[in-house]
Amino acid sequence: MGENVKYKEVSNECSPEINMSKFAEEWDNLFKFEDRSELLEYVLEYQNIPMWPLIRNQVIVYGIRAKYNLNTPIRNKNYHSERNTVREVLHRNPFFSIHKDVVYVGFPSSNFTRDNTGVFYDERIKKYYDVIKSSSMIVSVSDYIGAEYAYKNWKSDYVVNELAQKRKKRSIKDIQTLKRFVRFLDDVCPIKIDTELKKIIYRQIMVFSRYLEGYVRAWKLYLKIVRPKLVIEYCGCFMGISNVAMNLACYDMDIPTADIQVCWLGRKNHSHYCGKSILESSICKKIYPDYFLTWGKYWETKVRNPCKKVIIGTHRKYNKSQKNNNILICIGLYYEAYVKYVDWVMNHSDNDVEIYLRLHPKENIASVRAIFSAFQNDKRFHFANDNDLQYYLDKCTYFITNGSTVVFEALACGKKVFVIEDASYDMYDLYDIADRIYHFKTIEEFEELWLHRESMSMKIYNDFFDMNYEKLLKKFVQKISMQK
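The sections below set out a description of the structure shown in this document. (Residues numbered from 1 in each chain as written. Predicted model: local features only at pLDDT ≥ 70, side-chain atom pairs only at ≥ 80, totals over all residues. Heavy atoms only, no water.)

Here the focus is the pairing of strand β7 (residues 257-260). Within a regular beta strand, the side chains point alternately toward one face of the sheet and then the other, so they alternate between its two faces. Side chains Thr-257 and Asp-259 of β7 all project onto a buried face; the interleaved residues Ala-258 and Ile-260 project onto the opposite face, where all are buried too. Here 3 bridges tie strand β6 (residues 230-233) to β7, and the two strands are oriented parallel to one another. Looking at β7, one finds that Val-231 is bridged to Thr-257. The parallel pair β6 and β7, bridged by helix α8 (residues 241-253), forms a crossover whose chirality is right-handed. Sheet analysis places β7 next to strand β8 (residues 291-294), joined by 3 bridges and oriented parallel. Counterpart to Asp-259 in the pairing with β8 is Phe-292. (Buried < 20%, exposed > 50% of the residue type's maximum accessible area, 1.4 Å probe, protein only. Helix = DSSP H or I, 4+ residues; strand = E, 2+ residues; numbered from the N terminus. Pairing = 2+ DSSP bridges. Right-handed = clockwise from strand over helix to strand, strands pointing away.)

Taken as a whole and assessed by the stated rule, the structure comprises 0 disulfides. The closest cysteine sulfur to the non-disulfide-bonded Cys-396 is located on Cys-330, 8.9 Å from its own sulfur. (Disulfide = S-S within 2.5 Å.)

Turning to the nonpolar core, a few remarks are in order. Ranked by internal contacts, the top residues of the largest apolar core, which has 135 residues, are Trp-52 and Leu-212. Examining the composition of this core, we find that 15 residues originate from one element, helix α7 (residues 195-226), more than from any other. Each residue touching Leu-212, except ones within four places of it in the same chain, is listed here: Leu-44, Tyr-46, Ile-49, Val-207, Ile-241, Val-244, Ala-245 and Leu-248. Formed by 33 residues, the second largest nonpolar core is a distinct cluster that contains Val-339, Ile-420, Phe-446 and Trp-450. (Core = buried A, V, L, I, M, F, W, Y, C linked by side-chain atoms within 4.5 Å. Contact = heavy atoms within 4.5 Å.)

Moving on, we get to the sheet that holds strand β5 (residues 154-156). If you trace the 7 strands from one edge of the open sheet to the other, you get β5-β4-β1-β6-β7-β8-β9, paired in parallel fashion. The open sheet has two edge strands with one neighbour each: β5 and β9 (308-311). Direction aside, neighbouring strands of the sheet carry axes that sit 25° apart on average. With 3 bridges joining them, strand β4 (residues 136-141) and β5 adopt parallel strand pairing. (Axes fitted to C-alpha atoms, helices over the stretch in contact; angles between N-to-C directions.)

Don't take any of this as a statement about function, it's just geometry.
Okay, here's the thing in structure tokens:
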């Protein structure tokens with residue numbers, strides 16, 4: 001075994017343990033509530049758009065997830081620069097464009113990564129973009145980045161926002177409807193609508209009331225110039241004002257829209273799983289994208305909204321590597337609570353075992369790394385954020401994590417996956433794949449599993465990710481083009 005060094009354990013202020021039955025009950029009650037047809041009777045004056053789909057994310061995020069400390073931490077954007085208005089208006093203006101078959105819209109440039117030449121790109125979609133590179137373009141969310149981009153046809157939404165956000169008088173009718181709607185939620189909604197949540201709801205609805213029509217008008221102008229055959233959106237089901245406007249504009253102009261999977265999907269994902277009232281509403285079909293493009297067959301059953309599901313595959317390559325004794329630990333949220341697990345693994349691993357700790361890429365910051373800094377005294381320990389996840393999956397056989405998309409990625413590579421049953425386990429509905437992983441509630445249970453790790457089989461699961469993305473994307477775009 002390795003040197004018997006005991007690392008200081010840091011207490012966790014926010015325990016990851018939750019009453020899972022109560023948590024599940026809150027979701028069940030929400031979906032029952034969403035079966036009520038009267039929920040959609042409170043509508044905006046503009047096009048009679050129902051208010052509930054526009055604020056349900058806020059109700060879930062602040063009414064359920066915040067209660068159990070399950071919201072993603074607010075993270076700083078990666079790269080900043082002062083906004084250059086001339087550059088936005090002249091060089092990044094999406095209205096200075098020509099026809100493109102496929103348009104990608106709403107991908108935040110704050111999520112872009114930078115290669116070793118200093119060029120920025122979005123790893124999640126660049127490979128898709130490159131499949132039909134000559135006839136694709138991107139309109140990204142403008143967030144103060146001054147850098148060279150890997151996309152030849154990259155534009156920003158700055159001018160769209162400027163056109164759309166011309167101040168409009170408040171709709172008295174919307175204000176009156178909103179008051180009745182909030183009273184309805186107070187009386188009937190199973191989730192407590194407290195004072196702070198009411199303020200969030202009011203702000204959200206009034207933004208739609210004032211600016212939705214302007215956004216629809218701005219996007220229609222853009223669409224008339226570019227004349228795309230397909231619009232692919234980032235988080236098109238999240239009901240952000242720009243997404244809703246794009247869906248409405250495309251609906252009116254008979255242009256197909258699609259949301260594309262960029263993260264885990266499931267019943268407790270606040271944007272992709274809805275109750276019956278939204279599913280059966282004709283008006284909701286207008287504000288949601290037409291299609292939802294998934295990574296693989298497994299995810300089709302995890303989307304329940306008005307979109308049609310289509311498997312588009314993933315550009316990432318998940319390969320089974322040679323068996324070894326190396327260990328990859330991936331964690332996000334509740335970092336302090338997992339110090340004892342890292343500690344135990346370090347103290348019960350041989351001297352030739354390499355142990356990698358990967359933090360959430362956007363939480364790979366000094367304050368989080370400091371929680372585990374004592375482990376760096378051991379030459380076997382490495383932080384694992386300098387390369388992408390696949391690089392470290394290739395190096396390791398054993399994978400220890402809490403609930404996250406990386407669970408599915410590790411299974412696709414045939415890893416032996418150990419997952420703690422904490423709040424994120426429930427959040428990610430890992431009960432569905434409990435027979436594919438080794439799950440535990442306490443460190444004692446983990447120790448017992450770990451003793452039998454060498455006899456555990458390594459199996460690759462192919463239903464999460466279809467890796468024929470080029471063929472699948474071309475087939476989908478061709479099908480869409482033939483329908484027009």
